[in-house]
Amino acid sequence: MITKIKEAVAYIQNIHTAKPLAGIVLGSGLGSFTSGMKIEKEIAYSEIPHFPVSTVEGHSGKLIFGELGGKSVVAMAGRFHYYEGYTPEEVVFPIRVMKFLGISTILISNAAGGMNLDFKVGDLMVIKDHISLFTINPLIGKNIEELGPRFPDMSEPYSNILINKAKAIAAKENIELKEGIYCGVTGPTFETRAEYKLLHIIGGDAVGMSTVQEVIASVHMGLTVFAMSVITDIGIREEQNKITHEEVLQAAKEAEPKLTHIFKELIAGL
Ligand code: HPA
């Protein structure tokens, strides 16, 4: 694993020498986020040794190096989901590569279904904690000591400092920011009515098919993590509860400017 990471890093550094301070993971429908970035270099995942290749609609599949908020960053346009058939190790491989490129902070976004009845489509939810539901832990197997400890602490996976900063940024711009617990599931089916209800009862505010494995790998390596969901549908509704991928992408696209602003200001303050 370490050899694979180092080969990917060597390939990237041979093309582009910047040392990014922060990594950004863009969720479904959030690909145009990078228009706010001063782009220096784009590298397709397909070129990088050992990188899996993204297949889902709305994910273009490249690493984008540039400047955001005056800081050097690397953004993943397109991520790898467990439901696509990638192993948990493949899902988190780019996160590990970004760490070896030098990042110390990671900002993650995703599209998620809402269970909290105070939420509406288009809301942004800061993730304050998560519940992993049947997503396979990417650290299962022999621990790689060069990456982190065998038993990582998960008492504060999402940095309270960054959460508080995000709230202050949002308040200043009059952006309404929700806060809650993200349930990570495997997908690819959206939840049944009974499942949304269950997730609500166990304390979930939003549910999605990404993020948890990436956060675990990030915490393992000692990265500071911030993550935010765009609420793209309200799963808990009694009526009209059909959810489509198109509706998810559309809602994410509409919420994108707010998300971009918060990420940019958070990075500016690093
Ligand atoms: N469930 C799971 N994943 C999702 C949802 C949802 O309702 N919306 C967007 N991603």
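The following paragraphs examine the structure supplied in this document. (Residues numbered from 1 in each chain as written. Predicted model: local features only at pLDDT ≥ 70, side-chain atom pairs only at ≥ 80, totals over all residues. Heavy atoms only, no water.)

Side note on a nonpolar patch on the surface
As a reminder of what qualifies: Candidate patch residues must exceed 30% relative accessible area and have no salt bridge, after which like charges are joined if within 9 Å and Val, Leu, Ile, Met, Phe, Trp or Tyr side chains if within 5 Å. Residue-level accessible areas treat just the shown protein chains as cover; the underlying method is Shrake-Rupley with a 1.4 Å probe. Salt bridges, as used here, are contacts in which a Lys or Arg side-chain nitrogen is within 4 Å of a carboxyl oxygen on Asp or Glu. Per the convention used, a helix needs a DSSP run of H or I reaching at least four residues, while a strand needs a run of E reaching at least two, with both numbered from the N terminus.
Together, Leu198, Ile201 and Ile202 line one region of the surface with nonpolar side chains, adding up to about 300 Å² of accessible area. As for its placement among the helices and strands, Leu198 is situated in helix α4 (residues 193–201).

Some points on the packing of aromatic side chains
Put simply, the test is: Two aromatic rings from Phe, Tyr or Trp, using only the six-membered ring of Trp, form a pair when their centres are within 6.5 Å; if the ring planes differ by under 30 degrees the pair is stacked, by over 60 it is edge-to-face, and anything between is tilted. Remark: exposure states derive from per-residue accessible area (1.4 Å probe, protein chains only) relative to the maximum for the residue type, with buried under 20%, exposed over 50%, and partly exposed in between.
Applying the stated rule across the entire model yields 6 aromatic pairs. Relative to Phe93, the ring of Phe51 lies with its centre 5.7 Å away and its plane at 80°, an arrangement referred to as edge-to-face. In this pair, Phe51 is assigned in the loop between β2 (38–44) and β3 (62–68) and Phe93 in helix α2 (residues 88–101), connecting sequence segments 42 residues apart. Judged by its relative accessible area of 8%, Phe51 is buried. Their ring planes at 80° and their centres at 5.2 Å tell us that Phe80 and Tyr86 sit as a pair that is edge-to-face. Note on Tyr86: relative accessible area 11%, which makes it buried. By the ring-pair criterion, three or more aromatic residues cluster together here, those being Tyr45, Phe51, Phe80, Tyr86 and Phe93.

Section: the environment of Tyr182
Spelled out, the test is: N or O atoms within 3.5 Å of each other form a polar contact, as long as, within protein, one can give a hydrogen and the other can take it, and as long as residues adjacent in sequence are counted only when both atoms are side-chain atoms.
Mapped onto the secondary structure, Tyr182 falls in strand β7 (residues 177–184). On the basis of relative accessibility, which here comes to 0%, the residue Tyr182 falls in the buried class. Through-space distance from the C-alpha of Tyr182 to that of Tyr11 is 35 Å; in sequence the pair is 171 residues apart. Polar contacts involving the side chain of Tyr182 include one to the main-chain carbonyl oxygen of Ser210, which spans 3.2 Å.

Side note on the site of the ligand
As a reminder of what qualifies: Proximity is defined per residue: any heavy atom of the residue falling within 4 Å of a molecule or strand makes that residue near it. Each residue is assigned to one of three groups, with Ala, Val, Leu, Ile, Met, Phe, Trp, Tyr, Cys and Pro labelled nonpolar, Asp, Glu, Lys and Arg labelled charged, and all others, Gly among them, labelled polar.
The full set of residues close to the ligand is Ala111, Ala112, Gly113, Phe190, Glu191, Tyr196, Val207, Gly208, Met209, Thr232, Asp233 and Val248. The contact in question runs from a nitrogen atom of the ligand to an N or O atom on the backbone of Ala111, over 3.3 Å. With the chains in place, 96% of the 260 Å² that the ligand exposes on its own is no longer accessible. The set of elements that each furnish at least two residues to the shell around the ligand consists of β5 (105–114), β8 (206–208) and β9 (224–234). With 3 residues, β5 is the largest single contributor of residues to the shell around the ligand. Here the residues of the shell around the ligand are counted per class, giving 7 nonpolar, 3 polar and 2 charged.

Quick look at the side chain of His130
With respect to the helices and strands, the residue His130 is situated in strand β6 (residues 124–132). Note on His130: relative accessible area 14%, which makes it buried. Engagement of the side chain of His130 in a polar contact is seen with the side chain of Tyr158, the distance being 2.8 Å.

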